[in-house]
Amino acid sequence: MAAEQGATVEVLDPNVDRRAFAGLFGATALDRDPDVVIEASGHAVRQALDGVAVGGTVVLVGSVFPAEPVPLDAESIVRRLVTVAGIHNYTGTDLAEAVAFLAGRGRAYPFGDAVGAVRSLLDVDAALVEAAAPGAPLRVGLVPGH
């Protein structure tokens, strides 16, 4: 959605396949200090704080599980004028905008390729094991009521 609105979207991921897949959605490789960093894994907070441009913003969305505390270099944050924000949930408006995008211009992108086998909700345990395997698709499809 950001690329559709004219933003330059750069992706930094240790997995070459995920980086390539992001390219199908308009993302490029990271080649500069970004103005906004969205840290979505919860495992690269330090890198996000260190890598954002002067005057930039780091948005933490992946830190939703217990983890080791991240040392904070307050002087660096202040001198570089970095804003740090945490976002945990989305609103109904956010969800409506995402669904509208998927139903409209989002149809031009291969979202379906991110989903592996679609399983019954009753098979959720097997689906989670499959999702944890190396090389697994980004998402697991579950169908309720089957």
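Report on the accompanying structure. (Residues numbered from 1 in each chain as written. Predicted model: local features only at pLDDT ≥ 70, side-chain atom pairs only at ≥ 80, totals over all residues. Heavy atoms only, no water.)

Bringing the overall build of the protein into the picture now. Looking only at helices and strands, the protein features five helices and seven strands. Listing each helix as α and each strand as β along the protein from the N terminus yields β-α-β-β-α-β-α-β-α-β-α-β. Counting over 146 residues, the protein shows a buried share of 21%. Residue pairs at least 24 apart in sequence account for 43% of intrachain contacts in the protein once pairs closer than 6 positions are excluded. When the accessible surface of the protein is split by element, carbon and sulfur atoms take 60% of a total near 10200 Å². A distance of 2 Å separates the average location of the 10 positive side-chain charges in the protein from that of its 18 negative side-chain charges. (Helix = DSSP H or I, 4+ residues; strand = E, 2+ residues; numbered from the N terminus. Buried < 20%, exposed > 50% of the residue type's maximum accessible area, 1.4 Å probe, protein only. Contact = heavy atoms within 4.5 Å. Areas by Shrake-Rupley, 256 points an atom, 1.4 Å probe, with all protein chains shown as cover. Lys, Arg positive; Asp, Glu negative; His and termini not counted. Charge placed at Lys NZ, Arg CZ, Asp CG, Glu CD.)

With respect to topology, three strands assemble into an open sheet ordered β3-β4-β5, the strand pairing being parallel. For this open sheet the edge positions go to β3 (36–39) and β5 (83–86), each flanked by a neighbour on one side alone. This sheet shows a mean twist of 15° between the axes of neighbouring strands, independent of strand direction. Two elements, β3 and strand β4 (residues 57–60), share four bridges in a ladder whose sense is parallel. (Pairing = 2+ DSSP bridges. Axes fitted to C-alpha atoms, helices over the stretch in contact; angles between N-to-C directions.)

Summed over all chains, the structure comprises four aromatic pairs. A centroid spacing of 5.1 Å and a plane angle of 70° characterise the contact between Phe-21 and Phe-25, whose relative ring orientation is edge-to-face. The class of Phe-21 is buried, set by a relative accessible area of 17%. Counting every residue linked through ring pairs, the aromatic cluster contains Phe-21, Phe-25, Phe-101, Tyr-109 and Phe-111. (Phe/Tyr/Trp six-rings, centres within 6.5 Å; stacked < 30°, edge-to-face > 60°.)

Now for unusual backbone geometry. A positive phi angle, close to 60°, is found at Leu-81, a residue other than glycine. Mapping Leu-81 onto the fold places it in the loop between α3 (74–79) and β5.

We now examine the pairing of strand β6 (residues 115–120). Where β6 meets strand β7 (residues 139–143), four bridges bridge the pair, whose relative direction is parallel. Opposite Arg-119, over in β7, you have Leu-142 as the bridge partner. In this fold, β6 hands off to helix α5 (residues 124–131), which returns the chain to β7; that crossover is right-handed. (Right-handed = clockwise from strand over helix to strand, strands pointing away.)

What follows covers the pattern of salt bridges. What the rule picks out here adds up to six salt bridges. One salt bridge in this structure joins Arg-105 and Glu-4, with 2.7 Å as the shortest N-O distance. Pair noted here: Arg-105 is in the loop between α4 (92–103) and β6 and Glu-4 is in the segment before β1 (10–11), with a separation of 101 residues, a long-range link. Between Glu-130 and Arg-119 there is a salt bridge, with its nearest N and O atoms 2.7 Å apart. Here Glu-130 is found in helix α5, whereas its partner Arg-119 is found in strand β6, with 11 residues between them in sequence. (Salt bridge = Lys/Arg side-chain N within 4 Å of Asp/Glu carboxyl O.)

Our next topic: the environment of Pro-69. Mapped onto the elements of the fold, Pro-69 is located in the loop between β4 and α3. Between the C-alpha atom of Pro-69 and that of Glu-4, which follows or precedes it by 65 residues, the distance is 35 Å.

On the surface, a nonpolar cluster with roughly 340 Å² of combined accessible area is contributed by Val-36, Ile-38, Val-61 and Ile-87. Within the secondary structure, Ile-87 is located in the loop between β5 and α4. (Patch = residues over 30% accessible without salt bridge, like charges linked within 9 Å, V, L, I, M, F, W, Y side chains within 5 Å.)

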